[in-house]
Amino acid sequence: MKKLIAASLVALSLGVSGLASAEPIKVGMITTLSGGGAGLGIDVRDGFMLALKKAGNSEIEVVIEDDGQKPELAVQIADKMIQSDQVDILTGIIWSNLAMAVVPSAVAQGKFYLSPNAGPSALAGAQCHENYFNVAWQNDNLHEAMGQYANQDYKKTFIMAPNYPAGTDALTGFKRFYKGELAGEIYTQVGQTDYAAEIAQIRASGADSVFFFLPGGMGIAFMKQYAQSDVGIPIMGPGFSLSQDILAAVGDAALGVKNSSQWNKDIDNEANKAFVAAFQAEYGRLPSLYASQGYDTANLILSAAAKASVKDADAFRAALKEADFESVRGDFEFGNNNHPIQTIYVREVIKDNGGLTNKIIGTAFEKHQDAYAADCGMK
């Protein structure tokens, strides 16, 4: 396991008001830093640490470990962080199967878990918990947005995703809003790199469009193979499959592809402009939606620490719920299940200054709440 202990300096983050807590906070970040999903974890980590650096907070200590995208390893790391490292807050998990393995036990032990990515439906609904906050989205949300968008142009869509909780949530979300016919629905293996069989099924399906959710290295492999196949059927996906962190690897095969996201670098507010500029200056690359989620997660912690001690669980929880920080997304609020109620955009992959990036071309939903909030007993 890779381990990094990082510190930052104590002050207030951008847009946080009030006096910062002088009491130390220990954050345990479990994320994916190796293998095909490493880019996602690296961006979450880098966004999170950038927010702390900008805030200048020396009282927040971050312990970072690589889960290798393995649920059993994530559980071992969480146990160690809770029992030996005695962290106050856990964060960082990218993959929903890992979140389901770690989060219920962590919050039951009185720890706060703030998700910068994974948002499985169970944790948004019947298994919601007062100590679990999702700062990104519920898994279905971006897929719901593309189902809504697909209704404009398509009547017969082929849909595919990996066979794990986020994959089933993805296709459930798409189908919740899509009104057309399904030309096919398949679940692939997690970590799969050869999509010849799936592409053959798409070609033979009679589909007029394809919706796919394949994050990280899976999406890179599929997009390249799909372009080489010359199937020619229009393709679309959520922002996870066409995020900034993978566009360079996919190349021109991604040009013109529509996708959904709650964030993009061209959202016009001061917090987002400052974030994009600072991220480029610090790391020499454009931020992805994962980086934006890590950044917002750190700023949420900073905002709560400015109002309450993490040792006073009720007060700190209430401060988290207020979400009194300047999100890079603009308006940010939590629903009853501690998941965001937010705008979700439609983007298109374009070329800008010689490189590939995304541009917002429309809005799929405004103030959108997930479908599972009604199953959560919290108010």
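Above this text sits the structure in question.
To start, this report covers the structure provided alongside it. (Residues numbered from 1 in each chain as written. Predicted model: local features only at pLDDT ≥ 70, side-chain atom pairs only at ≥ 80, totals over all residues. Heavy atoms only, no water.)

Points about helix α6 (residues 165-177)
Our working rule: Put simply, DSSP marks the helices as runs of H or I at least four residues long and the strands as runs of E at least two long, and each gets a number from the N terminus on. Working rule for helices: expected span equals 1.5 Å times residues minus one. Between buried and exposed lies partly exposed: a residue is buried under 20% and exposed over 50% of the maximum accessible area for its type, with that area taken using a 1.4 Å probe on protein chains only.
Its 13 residues give α6 an end-to-end C-alpha distance of 19 Å, which sits within 8% of 18 Å, the value for a rise of 1.5 Å per residue. Ala166, Gly167, Asp169, Ala170, Leu171, Gly173 and Phe174 are the residues of α6 that are buried.

Details of the state of the cysteines
Stated formally: Disulfide assignment relies on a single distance test, namely cysteine sulfur atoms paired within 2.5 Å.
Scanning the entire structure with this criterion turns up one disulfide. Covalently, Cys128 is tied to Cys376 through a disulfide, its sulfur atoms 2.1 Å apart. On the S-S bond that ties Cys128 to Cys376, the torsion sits near 85°, and the link is right-handed. Here Cys128 is found in the loop between α4 (121-124) and β6 (132-134), whereas its partner Cys376 is found in the segment after β14 (355-368), with 248 residues between them in sequence. Given the relative accessible area of 15%, Cys128 is considered buried.

Topic: the pairing of strand β9 (residues 209-212)
The test is simple: In this analysis, strands are considered paired if DSSP registers two or more bridges between them. If you view a crossover with the strands going away from you and the path from the first strand over the helix to the second runs clockwise, you call it right-handed.
The alternating pattern of β9 places Ser209 and Phe211 on one face and Val210 and Phe212 on the opposite face, and all of these are buried. In this sheet, β9 lies alongside strand β7 (residues 156-162) in parallel orientation, the contact comprising four bridges. Bridge pairing links Met160 to Phe212 in β9. When β9 meets strand β10 (residues 235-238), the two strands line up parallel, connected through two bridges. Within the sheet, the bridge partner assigned to Val210 lies in β10 and is Ile235. Considered for its hand, the β-α-β crossover made up of β9, helix α8 (residues 217-229) and β10 is right-handed.

Notes on the environment of Val257
Rules: Any two residues whose heavy atoms approach within 4.5 Å are treated as being in contact.
Position of Val257 among the secondary structure elements: in the loop between α9 (244-250) and β11 (258-261). For Val257, a relative accessible area of 4% puts it in the buried group. Taking the C-alpha atoms as reference points, Val257 and Ser303, 46 residues apart in sequence, are found 37 Å from one another. Val257 has contacts with Met223, Ile235, Met236, Leu242, Arg347, Glu348 and Val349, leaving out every residue within four places of it along the chain.

So yeah, pure geometry; function would need other evidence.
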